[in-house]
Amino acid sequence: MKVAVISDIHGNFDALLAVLDKAKNENVTHLLILGDIVGYYYYPDKIMDLLSEWSFDIIKGNHEKILEDLMIDSSLNESIRLKYGSGHMEAIDKLTKDQLRFLSALPETKTVQFGQTSLLMSHGAPWSIDYYVYPDCDKEILEKCDSKEHDFVLIGHSHYSFAYRNENSILINPGSVGQSRQTGGKASWCVINTDNHCFQFFSTDYSTETLIKDIIEKDPEIEYLTKVLKRK
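Residues numbered from 1 in each chain as written. Predicted model: local features only at pLDDT ≥ 70, side-chain atom pairs only at ≥ 80, totals over all residues. Heavy atoms only, no water.

Visitor: What exactly am I supposed to notice about the overall build of the protein here?
Guide: Tallying secondary structure elements over the protein gives nine helices and ten strands in all. Taken over C-alpha atoms, the radius of gyration comes to 17 Å for the protein, in line with the 17 Å a tight globule of 232 residues would show. The principal-axis extents of the C-alpha atoms in the protein amount to approximately 45 × 35 × 35 Å. Across the 232 residues that make up the protein, the buried fraction comes to 56%. (Helix = DSSP H or I, 4+ residues; strand = E, 2+ residues; numbered from the N terminus. Rg over C-alpha atoms; globule rule 2.2 N^0.38 Å. Buried < 20%, exposed > 50% of the residue type's maximum accessible area, 1.4 Å probe, protein only.)

Visitor: Mind showing me how you'd approach the packing of helix 3 (residues 62-72) against helix 6 (residues 97-104) here?
Guide: A packed helix pair is summarised by two numbers, namely the angle formed by the two axes and the spacing between the axes. Contact pair helix 3 / helix 6: the axes reach a minimum separation of 9 Å and the direction vectors enclose 125°. By the angle between their axes, helix 3 is oblique relative to helix 6. Crossing handedness for the pair helix 3 and helix 6: left-handed. Here Glu64, Leu67, Glu68 and Met71 of helix 3 lie close against helix 6, whose contacting residues are Leu100, Leu103 and Ser104. Considering only residue class, the contact of helix 3 with helix 6 consists of four nonpolar, one polar and two charged. (Axes fitted to C-alpha atoms, helices over the stretch in contact; angles between N-to-C directions. Parallel < 35°, antiparallel > 145°, perpendicular 65-115°, else oblique. Left-handed = near helix turned anticlockwise from the far one by under 90°. Contact = heavy atoms within 4.5 Å. Nonpolar A, V, L, I, M, F, W, Y, C, P; charged D, E, K, R; others polar.)

Visitor: Hey, could you run me through unusual backbone geometry in this one?
Guide: A negative phi angle is the norm for most residues apart from glycine, just as the trans form is the norm for most peptide bonds. Phi angles above zero are rare outside glycine, and Tyr40 is one such case at about 70°. On the secondary structure map, Tyr40 appears in the loop between strand 2 (30-33) and helix 2 (44-51). What makes Tyr40 buried here is its relative accessible area of 6%. Unlike most non-glycine residues, His157 shows phi in positive territory, near 80°. Mapped onto the secondary structure, His157 falls in the loop between strand 6 (152-154) and strand 7 (161-165).

Visitor: Is there a simple way to think about the pattern of salt bridges in this case?
Guide: All told, the structure shown has 14 salt bridges when counted by the stated rule. One network of salt bridges, in which partners are shared, links Glu78, Arg81, Asp219 and Glu221. (Salt bridge = Lys/Arg side-chain N within 4 Å of Asp/Glu carboxyl O.)

Visitor: Honestly, the environment of Ile170 in this entry has me stumped. Any pointers?
Guide: Among the structural elements, Ile170 can be located in strand 8 (residues 170-174). A residue is classified by how much of its surface remains accessible, and Ile170, at 7% relative accessible area, is buried. A sequence separation of 24 residues divides Ile170 from Asp146, and the C-alpha atoms of the two residues are 7.5 Å apart. Once residues lying within four places of it in the same chain are set aside, the contact partners of Ile170 are Asp151, Phe152, Val153, Tyr164, Arg165 and Phe199.

Visitor: Quick question: what am I supposed to make of the packing of aromatic side chains here?
Guide: How two aromatic rings sit relative to each other is given by the distance of their centres and the angle of their planes. What the rule picks out here adds up to ten aromatic pairs. Between Tyr41 and Tyr42, the aromatic rings sit 6.1 Å apart at their centres with planes inclined by 75°, giving edge-to-face as the arrangement. For Tyr42, a relative accessible area of 0% translates into the label buried. Among the aromatic residues, those joined into a ring-pair cluster are Tyr40, Tyr41, Tyr42, Tyr43 and Tyr84. Lying across the ring of Phe13, Lys46 places its NZ or CZ 5.4 Å from the centre. Across from the ring centre of Tyr42, 5.6 Å away, lies the NZ or CZ of Lys218, which sits over that ring. (Phe/Tyr/Trp six-rings, centres within 6.5 Å; stacked < 30°, edge-to-face > 60°. Lys NZ or Arg CZ within 6 Å of the ring centre and 35° of its normal.)

Visitor: Mind showing me how you'd approach the sheet that holds strand 10 (residues 199-205) here?
Guide: Sheet strands pair via backbone hydrogen bonds, and the direction of the pair is either parallel or antiparallel. Spatially, five strands are ordered 3-2-1-9-10 in an open sheet, and the strand pairing comes out mixed. Looking at strand neighbours, the two that pair on one side only are strand 3 (56-58) and strand 10, the edges of this open sheet. Each adjacent strand pair in this sheet contributes to an overall mean axis angle of 25°, direction not counted. Bridge count between strand 1 (residues 2-6) and strand 2: four bridges; the pairing is parallel. For Val5, the partnering residue across the bridge sits in strand 2 and is Leu32. (Pairing = 2+ DSSP bridges.)

All we've got here are geometric facts, nothing functional implied.
This is the structure we're talking about:
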């Protein structure tokens with residue numbers, strides 16, 4: 001069975017659409033979504049519609065927690081917008097009450113099983129939703145992510161893709177679908193074959209033209225939102 005591991009979509013519809021089209025061509029039948037559906041960009045409603053066409057498991061990311069904070073206290077809106085763009089408020093405006101409740105109720109970690117293959121889904125490190133694990137971090141941090149109970153430990157959050165073979169499990173970060181911090185205009189993700197434990201990273205091209213136009217309209221003063229999409 002082939003499963004796609006995706007993370008950090010961040011409201012980027014065009015990126016997710018390109019990934020899911022490619023996933024179909026790769027005979028993927030299930031998605032493992034490591035959080036951060038929302039934040040930064042502007043199309044969470046379209047993203048939820050796309051995902052509804054798939055079989056998937058999903059966990060909460062730190063940006064779903066930020067969304068919860070904003071739902072409780074609207075006075076946080078401007079400080080959140082200046083740091084992350086208008087994506088969280090777009091989620092509140094565009095998602096249904098049921099969809100917002102669904103995101104709020106997501107677990108921070110989850111174990112999934114396919115046949116004899118067990119996978120731990122996390123957003124940041126397995127011990128913290130907000131902890132960044134980078135490919136060049138200390139070996140002790142990578143080894144701390146090891147699990148005797150799982151074949152794979154899946155993490156997101158850093159927006160950098162990598163794999164590391166620990167003593168008991170394989171640590172995989174698929175990178176970011178919606179805001180890769182490695183190369184702009186490319187959506188990073190991964191496919192795992194649960195029958196033989198082979199995995200492959202993908203970097204899928206998508207057009208940033210529409211998104212950049214919307215950034216100029218909604219968040220023109222936040223230069224990072226555009227620069228990261230053009231990163232070489």
